[in-house]
Structures are given as structure tokens and as C-alpha cells.
Amino acid sequence: MNYPVWFLPAIGGGTLIAFIAIVHVFVSHFAVGGGAYLIALEKKAYKEESEEMLSITKRFAKFFILLTMVFGSITGVGIWFITALVNPGGISFLIHNFVFGWAAEWVFFVLEIIAAFVYYYTFGKMDRKTHLKIGWIYFISAWMSLFLITGIIDFMLTPGKWLQHHSFWLGFFNPSFFPSVFFRTFMSFLMAGVFGLFVLSFYKNSEAKEKFVKYSSLWVIISIVLMVPFALWYVSVLPVEAKSLVMGKSPEIVRTTKVIITSSIIAFVLGLIVYLKPSLNKAYIAAIIFLAGFFIIGSFEWTREAARRPYVINKVMYSNMIFEKDLPKLQKEGFLKNAKWVSVRNITEENKRLAGKEIFIHQCYACHTIGGFNNDIKEKAKSMSYTALTKYIEKIHKVRYFMPPFAGNEEEAKALAAFIAGDLLGKEIKEVEKAKLDGKTIFEDNCSSCHEPEEFEDLISGWDKAKIRKALDMLEKLNPEMPPYNGTPQEKDTLTEYLFKLSGGVK
Amino acid sequence: MINNLIPNPDTIQVSWIYFQMLLLLTTPIHFLFMNAMFGSAGIATYLHFKGGEKEKKLAHHIAVFLPLVIAFAVNFGVAPLLFAQVLYGQFLYTSSVLMAVFWISIIAILIVGYYLAYYYDFSFEKLGNAGKWVILIAFLLFIVIAYFFTNNMLLMTLPEKFSDWFNNMGGTILASSDKVFLPKYLHDLFGAMAIGGLYVALISQLKRDKDPELAEYGKELGLKVFFWFTIINILFGLWQLLVIPSNIRTGFLGGNGIHSVIFVLALLFIILALVFAWKKNLKMTATFGILTVFFMSFVRDIVRRGYLSPYFKPSDLKVVNEYSPFIFFLIVFVIGFFVAYWMIKKAIEAFN
């Protein structure tokens, strides 16, 4: 509402961010762990006085430079660009509050680049001790970047005491900061091992290569083991809501955590096998480990993002760039009166759907596409009527914690419902008079957001009317996800009849 | 209407003056690297197409440094972009969203251009004559990137264009139809070529001992490029001066004391740089050329502020004092400076 929205109805901003972010985190963690890995390889080569090991190390350094300097650093800028395009409000807030964190990170970025170039171009030309020192400067700078960015990223998830005092340091050293820094550090070592095995699998077989393969597999298995306690610590410091999303409330997140666990086990087992028999590090085995590493890190980042819903910055700003503190005002005075970047200020019969569209763009598009492959609103709302949607929108956050509360008044909720039901789904828009409510309408208004009528054949098969009627008084007790139904006793009776019919009647 | 579109800015932690200083310090450094990258790519393209022994050698010499200057151009671009977002975020984010498709495409284009530069460097011999196509494409990609950058920097200063969003929300709005665009774009490109020439003259001096002929050729060519592109660029500069809003123009022409002094100094440095270029005095040309870049980037900042003055000035930003993070940054900066110095010293020792 403060910023314009880059509106690509069928694609959605989230998809764009995810696309750039996942490849970037993969490479950027490698850029950190790989620094330590290179020093370790170089040292090993010196210790064994092996020319061959040294030449492998140098070859790996070239690969490292080409991947991290170009792809890693430009996609890093890319994330900054894309998040600013998709969520300028959120980025602006972070930049303004943590500008000196980013600025310090930039200094380490400069050092990283200089160190990487000096390291690569002076390989074999510089005395060994100084060369290793340059390697260390690279690794420390890269790790400091990780340290600084982690503070800001995890602030978004767990702002902690910042919420009371608004202090940089409290926000930076937030509750999930330390578990996250350790977790990411080991994850970066994992990425180093994973990339190491992958690249080595293409090199000519030799004794030196075998030694390095064995050594790299150690990086994989040890890192996975060390990541576990920090992952648990990480989850334990999450706010209750996020924890409950991760622990089962969100089916999407549960699925993703399963991916993390499975991939870790695969990487661990294959890593162990390769350690015991380095000649097994064939390209396809290394590729599986590589993919497992990719899934671990990608799913982890995805989960971290998803666990933050409905916020982009927990308890501060919702995913749709609306500040939590502005909510009461918007609900009381209306969204359109207070928003920038809307053309409709007063809703009339003629502009109702246009107003609804503008509200959709500013409040829902952050997570929903229109006809796209990702979280398509047409698909999600297809069973809901205009009145059902209106009611749903007004209590959207209560029914589904992961969606932000509707920031507007009743008229605006209707406009939004009219846009979705009318323009998008082609349904009829008409206000229903209270007295005329029949069972089907009551069902559509109150239950259809989560239930299809057909489900009830199984769901309540064999229930008698008394049991159904009683259930309607205590839906919230039957399933914690269900909101209580607060219709009048009469409406409850009507609904009971309807449900009873759905269930197939007496058997 | 316009004020209904300009977003409300967030608060800042230290006085806007510090951000302004950081912006003015880091922007010209970014320009210098960016110009070196752009101009040297252009010159390498010319050399490679022209062909010949010494031309190839100079192109190769440029190629070796090209990935490095790209890295630093990007890296030193991060800092001014950060500080510009702090001071002008509400305009810059908005214009970026309006041209989002092009703005994000810069990332993809840059990755391709950057890899081409590495390819050109690492495979220079192997590529042989085909190398000219590689560097040409890289150079053309840089021209495209510059086109988008100029667009965004202009669009952010034109809030009266912001309402175009209501008719085009897909992120494909550009400012290139504005009358200032063309002279501004040409001025940026020609300036970059000129400074790129200076840079080529400078890096060829690294070959003075091993290959004096090459060093001499690089100096000659580089200064020639600097001289002629600068002469033409003065015309583009005048053109731009004529079409920018009159309140900004009169500010430079005596209306505002400080603005006029900075403008006149910038002009003076150009003239001195041109004179020394004519006399083939590389050191002095470089000194005044670099000073010109600094002062022209100040002029640019004044222009931007002039455009935005009806709506906003950085001193409007609300400050919620918290100085400790700033001090932390300064400490990191100083330490970083010495570490960088040490590394570069060691690298130079290693090569000698």
C-alpha cells in the first residue's frame, strides 16, 4: 500500500525470489565453506609435499573463483534486486534499520574479492605461509559476511527484544542468531565437501585424487552430524506460531522438513560409503550427494521463509508489506482511504470490482497468483460463493494463521470478494438476505473454505442428527483447525438437516 | 496525486549528512571501475576487429584485467546503491518496480557478460580471431546494462511519471522517452569511454619494463581515446544542461553559489585534463581525469536533488539516533582498509 506492486498475475513474486535465492544460497554457502576447504587442501598438499595434490588444489581454486566470483556474487546482488522489486517495503525497512550491518558486510565483500583474486593469481608465486594467510583472510571475510547477513535474516524470523527497544544490536543478536550462525557454518562446510566430491569425480584418477576424495567425504559426514544439534536448537527458539507451523500445522512445511531429513540421510550414507571406498566416487554417486546437498539447503531456506508467514518481518510487517501497527487504523477507516497506489478511494456499485482488484493486488498477490502454478487463488477459492468469501476474508487470519488479517473494512471485504468470486470465478454476486438462508448457503458461507460437500459422506457417516447438531456447537473442539461456528440455533438446525442429507441419511 | 504515490520513507539512525558523504565518496569510485570496465571492453573490441600484432597484444593485456575490474565495478556499486536506498529509497524502489523486468534482467545480462569476459581472458590464445565476437558481445551487453541503469536513475527523479503504473503494472515502464534521456545516456557512455581510455593508458604502463613498445602504444591510444571522447562529451554535456529543468540549470550558472563552484571546478578539471592529454602527460591527465569524475558525480547528485526538491530532501528523513552501529562500521572499514592494503602489497611483491 506504500509501494507499487510488480504485478505478474500468473507468476507471482515469490516464485521469482525463490528461483534466485535457492541457487544463490547454494553457491554462497559454498563460497564460505569452500574457503576453509581450499586452505585445508593446500595444507595437506604441503604436508605431503605432493605436487599432484597441489595442482589439484590449484585447479579447484580456479573452479571456485569462476563459480563464486561470478555466479555467487552477482546472484547475491540479484537477491537484493529481486527482493526489492517484490517486497520493497520489507527491504526498505531492513536497509534503514540495519544499514551499517550491510555496510560492514560490504567491506568484507571487498576483502573477499581481493583475497580470492590474490589467492588464485599468486598460487605458486607467493611463499607458502603468506599464501595460506591470504586464504585465511578470504575465509574469515566470507564467514563474516555470513555472520552479518545471518543477523539480519534471522531478525526477520525472530525479532525478539527488538520489538520493545528497537535497538540494532538486540535485533541483530536475536534469539535465533547463534543457532543459525553455527548451523549455517556447518552447512557451508557441507557444501564445500559436496562440491569437492562433485568436482573431483571428473578429475583423472590418481593417488592424490583418492586422498582428496576420502578427505572431502569427511567434510560431508562430519558436517551433517554437527548440523543436527544446531538444527534442533534453531527450532527450539522459534516463536510458538512458527514452531507449530514447522511441527505439523503447515502440511507444506512438514513435507519440506521430510525432504531435509531424507536428503541428509542419503548424503550421510553415501558420504560414508565413499569415505570407506574412495574409488566409488563416480560422477553419478557424486551427483546424488550434490543434489542431496542442494535439497538440504534449498528446503532449509524455504522452510525458514515459510515459517515466518504471515509476516515478512515477524510481528512487524506482514508479507503484503502492511505494518502490523497500521492494522487497526486500516480496519477502522478503510484500506483505500489510507493506501497509496490505489485509484479507487470510494467504493460504488460501478467500481466495486476494480476496488476489489486493487485490494487483491496489495493484500493477497504477495502469496497468491491468478491462474498461475503457485497457490492459484482461482483454484483455492473455487468452491466458495461470494458471501462465503466475504465472511472468510473478514476472519481470514483467525481461520488460517499463515494469512495476514484483512486490512480493511466490511465494504472492502465485499469488494474483494466480488472481484474474486465475480471477475475471477465468474460467479453471481448478490447479497443474501438473512431470513432466506438454506442449508446449502450456510454450508457454502461457513464450511466450504475447508470442506467439499462430498467429504461428509465419509466424515460423518453414521452420525445421527443429534450428534451432528451437537457437533455444530463445538467444532473447535473436534479439530483444532476448525473455527467455532456461531450461527443462530435455527441456522444450526437447518445446517444439521443439510449435513445429514449429505451423509446419506440413516443407514 | 503525485504525493499520493511517493511512498513514506523509513527512519534513519544517524544524520542524513553521513549517508550523503558516504554516497558521494563511494559513487565516483564505482564510476571509475565501471568506466574502466566499459571503456576497456570497447577499446579491446576495436583493437581486436582492427587486428595486427600490437593491437592483439594490447587487447590481451586488457583482457587479463577485465574480470578484475568487473568484480570491483560490481562490488563498489553495492555501496552507493545501499546509501542511495537509504536516502532516496522511496523513489528508487518505486522506479525499480516500474521497470522491474529490465532492472532484474541486468543480473542475467551481467552474469553472461562477466563469463564472456573470463572466457575472453582465459582462452584468449585459443579463441584467436573468434575472440573479437566474444568481446563484442560482452561490450554490447554492457551498453544494454548502461541503458537500463540510466533509465532507472532518471525515472527515480520523475515522480510525475509514476502514475503510468496504473496502466502498466508488469514492470516495463522506461524513462527513455523523456527529453533528458538521450543526452544523459550518451554523456554517460562517452564519459565511460573516455575514462576507459585513460585506464588503458595506465595499465599499459605495467608493461613498461617487459614490453616498452606495447606500453607506448597503449599510452598513445588511451590518451587519444580520452581526448576525443571527452571533446565530444562536452557537447553532450551542454545538450543535457540545456534540457534539464531550468531551476537546476540556473543553479549551476550562478543561481546557487556552491552548485556553481562545483560545476566550474568540474569544467576546469576537464580542460586541464584535456590539455595534459594533448601534451601526452599521462600522470597529470589521470589526476585531473579522476578529479573530473569525482566532481561530475557531485554535479550529478545536485541534479538529482534538484529534480526531487519539489517533493523531498534528504534532511526530511526522520532520525532515530543510534550511533553505535555506525561506529562499528567505521572500525570495520578502517581495519578492512589496512588488510586490503597488506594483501595488495603482498601480491605486488609476489609478481616482482
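Residues numbered from 1 in each chain as written. Chains lettered and ligands numbered in written order. Predicted model: local features only at pLDDT ≥ 70, side-chain atom pairs only at ≥ 80, totals over all residues. Heavy atoms only, no water.

The next thing to look at is the domain arrangement of chain A. All names here are of chain A. Domain annotation for chain A reports domain 1 (13–318), domain 2 (341–431) and domain 3 (432–507). Placing the centre of domain 2 and that of domain 3 at their C-alpha centroids yields a distance of 24 Å. Contacts between the two partners involve 12 residues from domain 2, matched on the other side by 10 residues from domain 3. Buried area between domain 2 and domain 3, summed over both chains or domains, comes out near 1,000 Å², and the portion from carbon and sulfur atoms is 46%. Counting the surface domain 2 buries against domain 3, the share from its top three residues, Ser383, Lys391 and Val399, is 36%. (Domains from an automatic or database assignment. Contact = heavy atoms within 4.5 Å. Buried area = accessible area lost by both parts, 1.4 Å probe.)

Turning our eyes to something else, we now look at the side chain of Asn174 of chain A. Residues and elements named next belong to chain A. With respect to the secondary-structure elements, Asn174 resides in the loop between helix H6 (168–172) and helix H7 (177–200). Within the local environment of Asn174, its side chain forms a polar contact with the backbone oxygen of Gly151, the two atoms lying 3.2 Å apart. Side-chain polar atoms of Asn174 contact the backbone oxygen of Gly171, separated by 2.9 Å. Discounting chain neighbours no more than four positions away, the residues touching Asn174 are Gly151, Asp154, Phe155, Thr158 and Pro159. (Helix = DSSP H or I, 4+ residues; strand = E, 2+ residues; numbered from the N terminus. Polar contact = N/O pair within 3.5 Å; in protein donor to acceptor, adjacent residues only side chain to side chain.)

Attention now moves to the interface of chain A and chain B. With 70 residues of chain A in contact, the opposing surface of chain B contributes 71 residues. Carbon and sulfur atoms supply 78% of the area buried between chain A and chain B, which totals about 6,400 Å² over both sides. For the pair chain A and chain B, the number of links is 17 residue pairs in polar contact (both at pLDDT 80 or more). At the level of elements, helix H2 (51–86), helix H3 (88–121), helix H4 (128–157), H6 and helix H14 (352–363) of chain A are the ones that each hand at least two residues to the side of chain A that touches chain B. Counting residues per element, the side of chain A that touches chain B draws most heavily on H3 of chain A, at 25 residues. In terms of residue class, the side of chain A that touches chain B is made up of 52 nonpolar, 12 polar and six charged. (Nonpolar A, V, L, I, M, F, W, Y, C, P; charged D, E, K, R; others polar.)

What follows covers the environment of Leu8 of chain A. Here Leu8 of chain A shows up in the segment before helix H1 (13–47). Sequence spacing of Leu8 of chain A and Thr369 of chain A is 361 residues, and the spatial spacing of their C-alpha atoms is 8.1 Å. In this structure Leu8 of chain A touches Leu16 and Tyr365 of chain A together with Gly170 of chain B, once residues within four positions along its chain are discounted.

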